[in-house]
Amino acid sequence: MATVTLTLNGDVRTASVPPETTLLRLLREEFGLTGSKLGCDVGDCGACTVIVDGKSVNSCLMLAVQADGRDVVTIEGLATMSRLHPLQQLFEDKGSLQCGFCGPGVIMSAKALLDENPDPSEQEIRDALAGNLCRCTGYSKMIEAIQAVARDGRGEPAKSAV
Ligand code: FES
Ligand code: FES
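Residues numbered from 1 in each chain as written. Chains lettered and ligands numbered in written order. Predicted model: local features only at pLDDT ≥ 70, side-chain atom pairs only at ≥ 80, totals over all residues. Heavy atoms only, no water.

Peer 1: Could you clarify how one ought to interpret the environment of Gly105 in this entry?
Peer 2: Checked against the element boundaries, Gly105 lands in helix 3 (residues 103–116). Residue Gly105 is classed as buried on the basis of its relative accessible area of 0%. Placed 28 residues apart in sequence, Gly105 and Leu133 show a C-alpha to C-alpha distance of 9.2 Å. Those residues in contact with Gly105 that sit more than four places away from it in its chain are Gly46, Ala47, Thr49 and Asn132. (Helix = DSSP H or I, 4+ residues; strand = E, 2+ residues; numbered from the N terminus. Buried < 20%, exposed > 50% of the residue type's maximum accessible area, 1.4 Å probe, protein only. Contact = heavy atoms within 4.5 Å.)

Peer 1: Can you walk me through the pattern of salt bridges in this structure?
Peer 2: Once their charged atoms are close, side chains differing in charge can pair, the charge on each being opposite to the other. Enumeration according to the criterion identifies six salt bridges in this entry. Between Arg25 and Asp41 there is a salt bridge, with its nearest N and O atoms 3.3 Å apart. Taken together, the positions of Arg25 in helix 1 (residues 23–30) and Asp41 in the loop between helix 1 and strand 3 (49–52) put the pair 16 residues apart, joining distant regions of the chain. According to the relative accessible area criterion, Arg25 is partly exposed, its value standing at 31%. When its relative accessible area of 31% is taken as the criterion, Asp41 is described as partly exposed. The salt bridge involving Glu122 is made with Arg126; its shortest N-O contact spans 3.0 Å. Pair noted here: Glu122 and Arg126 are both in helix 4 (residues 122–128), with a separation of four residues, about one helical turn. For Glu122, a relative accessible area of 40% translates into the label partly exposed. Overall, Arg126 belongs to the partly exposed group, its relative accessible area being 37%. The network of salt bridges with common partners includes Arg25, Glu29 and Asp41. (Salt bridge = Lys/Arg side-chain N within 4 Å of Asp/Glu carboxyl O.)

Peer 1: Is there a simple way to explain the environment of Leu129 in this structure?
Peer 2: Its place among the elements puts Leu129 in the loop between helix 4 and helix 5 (140–152). Each C-alpha atom of the pair Leu129 and Ile107 lies 9.2 Å from the other, and the pair is 22 residues apart in sequence. When sequence neighbours within four positions are dropped, the list of residues in contact with Leu129 reads Val106, Ser109, Ala110, Met142 and Ile146.

Peer 1: Could you clarify how one ought to interpret the packing of helix 3 against helix 5 in this entry?
Peer 2: Each pair of packed helices can be summarised by the angle the axes make with each other and by the distance between the axes. Helix 5 packs onto helix 3 with a crossing angle of 35° between their chain directions and a minimal axis gap of 11 Å. Of the two elements, helix 3 crosses helix 5, and the hand of that crossing is right-handed. Between helix 3 and helix 5, the contacting residues are Val106, Ala110 and Leu114 on the first element and Met142, Ile146, Val149 and Ala150 on the second. (Axes fitted to C-alpha atoms, helices over the stretch in contact; angles between N-to-C directions. Left-handed = near helix turned anticlockwise from the far one by under 90°.)

Peer 1: Explain the domain arrangement of the chain to me, please; I cannot follow it from the model alone.
Peer 2: When the parts come together, some accessible area is lost, and that loss is often what is quoted as the size of the interface. The domain boundaries assigned to the chain delineate domain 1 (2–76) and domain 2 (86–152). Computed over C-alpha atoms only, the centres of domain 1 and domain 2 are separated by 21 Å. With 17 residues of domain 1 at the interface, the matching set in domain 2 holds 13 residues. Between domain 1 and domain 2, roughly 1,200 Å² of surface is buried when both sides are summed, and carbon and sulfur atoms account for 65% of that area. Ranking the residues of domain 1 by area buried against domain 2 places Thr49, Ile51 and Ile75 at the top, with a combined share of 39%. Counting the contacts that link domain 1 with domain 2 gives one salt bridge. One salt bridge in this structure joins Lys55 and Glu116, with 2.8 Å as the shortest N-O distance. Remark: the boundary between domain 1 and domain 2 carries five residue pairs in polar contact (both at pLDDT 80 or more). Taken together, the elements giving at least two residues each to the side of domain 1 that touches domain 2 come down to strand 3 and strand 4 (55–58). With three residues, the single largest contributor to the side of domain 1 that touches domain 2 is strand 3. (Domains from an automatic or database assignment. Buried area = accessible area lost by both parts, 1.4 Å probe. Polar contact = N/O pair within 3.5 Å; in protein donor to acceptor, adjacent residues only side chain to side chain.)

See the structure below:
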């Protein structure tokens, strides 16, 4: 077994897992954070996207041990009890999702983009979402929502991101 200690949505968490465990399985099966979705498990769909040290990452491709000592933010780290993150709110307001399976990954990719580039062009948004597959929507309402958050300057960092 390998011991992994990481900062997860602002809290220090530790688990002991087999060394081949992916970060996605650590999040879902050890910590019960099932917002990050298991889609393809091979890096093709982006449903498992989380933010590690400020960068969007396919958590199915990263070993849990590689996250040791790092700062990880998942979709569960964005909202507070009383308030959705602006990206979540605008996705809801604009009806940006249909089945929603891709949503957590898309929102985490968008958050990583806005944290780094608060005023992205449409092409930069499309590039940031290139690794997130959505079988339902055609992406245009997602892009509208991300543009609206950027316009409002509401792309706030998650509580653990600095
Ligand atoms: S589940 Fe990770 S990219 Fe598809
Ligand atoms: S809303 Fe269904 S996969 Fe994107």
